[in-house]
Amino acid sequence: MVEKKEFGSKDVSRAAILMALSQNRQEEKKIQEDFSKIGIRCAAVDFGGEFITSVMKIVERAVVAAKREGVINEVHQEEGAVAGATREAISQIMQKAIGLNVGGKIGIARFEEHVAVAIFFGIGLLHLNEVAIGLGHRVI
């Protein structure tokens, strides 16, 4: 009999961060497959644009990606948990990003009731970028 491992918020957050840091679709799918084998479901999606006008797009993209990849079901509690964790991640970098362009990747991970959203941001103009990671966690 295979022993079932329990994962907590730290493990799920790590998975979300790794998804957000993946460099391309192939690496993203490999990370997703590896975590799937141990019961952690993951998704990732790219984003970009002017920060203020992109906030709602980022939240929407996170929720849509999580539903598309089967990380959450289409029920308002689960959608709300992803949206709330995404807003938390965004709020952590807001001071750096207001008035600038942002781009990067959103990583979402879930194990049972734990859901984490990590957002890797490139912030700035042209090649003069600052980088930051925002992280949010919710329990469904």
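Structure first, text after, so check above.
Overview of the structure. From a predicted model like this one, the values you see are computed outputs, not experimental measurements. (Residues numbered from 1 in each chain as written. Predicted model: local features only at pLDDT ≥ 70, side-chain atom pairs only at ≥ 80, totals over all residues. Heavy atoms only, no water.)

## With respect to the side chain of K105
- Position of K105 among the secondary structure elements: in strand 2 (residues 101-111).
- Using a relative accessible area of 5% as the deciding quantity, one classes K105 as buried.
- Engagement of the side chain of K105 in a polar contact is seen with the side chain of E28, the distance being 2.9 Å. (Helix = DSSP H or I, 4+ residues; strand = E, 2+ residues; numbered from the N terminus. Buried < 20%, exposed > 50% of the residue type's maximum accessible area, 1.4 Å probe, protein only. Polar contact = N/O pair within 3.5 Å; in protein donor to acceptor, adjacent residues only side chain to side chain.)

## Some thoughts on unusual backbone geometry
- A positive phi angle is found at E112, which is not glycine, with a value near 50°.
- Considering the arrangement of structural elements, one finds E112 in the loop between strand 2 and strand 3 (114-125).

## Some details on the side chain of E78
- Note on placement: E78 falls in helix 4 (residues 76-91).
- When sequence neighbours within four positions are dropped, the list of residues in contact with E78 reads I72, N73, R110 and I140. (Contact = heavy atoms within 4.5 Å.)

## Description of the nonpolar core
- In this structure, V82, I90, I106, I108, I119 and F121 are the most contacted members of the largest nonpolar core, which totals 29 residues.
- Within the residue set of this core, elements represented by two or more residues are strand 1 (41-50), helix 3 (51-68), helix 4, strand 2 and strand 3.
- Sort the elements by how many residues they give to this core and helix 3 lands first, with eight residues.
- Not counting residues within four places of it along the chain, the set of residues in contact with V82 comprises A62, V63, A66, I72, V115 and V117.
- Ranked by size, the runner-up nonpolar core spans 15 residues in total, among them A16, A20, I31 and A44. (Core = buried A, V, L, I, M, F, W, Y, C linked by side-chain atoms within 4.5 Å.)

## Description of a nonpolar patch on the surface
- Residues I52, M94 and I98 make up a contiguous nonpolar surface patch of about 270 Å² in total accessible area.
- Examined against the element boundaries, I52 turns out to sit in helix 3. (Patch = residues over 30% accessible without salt bridge, like charges linked within 9 Å, V, L, I, M, F, W, Y side chains within 5 Å. Areas by Shrake-Rupley, 256 points an atom, 1.4 Å probe, with all protein chains shown as cover. Salt bridge = Lys/Arg side-chain N within 4 Å of Asp/Glu carboxyl O.)

## Examining the sheet that holds strand 1
- Ordered in space as 1-2-3-4, the four strands form an open sheet in which the pairing is antiparallel. Each end of this open sheet is capped by a strand with a single partner; those strands are strand 1 and strand 4 (128-139). Averaged over all pairs of adjacent strands, the angle between their axes in this sheet comes to 15°, without regard to strand direction.
- Pairing of strand 2 with strand 3 involves eleven bridges; the strand directions are antiparallel. Among the inter-strand pairings, A109 is bridged to a residue of strand 3, identified as A116.
- Here helix 3 sits on the sheet in contact with strand 1, strand 2 and strand 3, set at roughly 160° to strand 1. (Pairing = 2+ DSSP bridges. Axes fitted to C-alpha atoms, helices over the stretch in contact; angles between N-to-C directions.)

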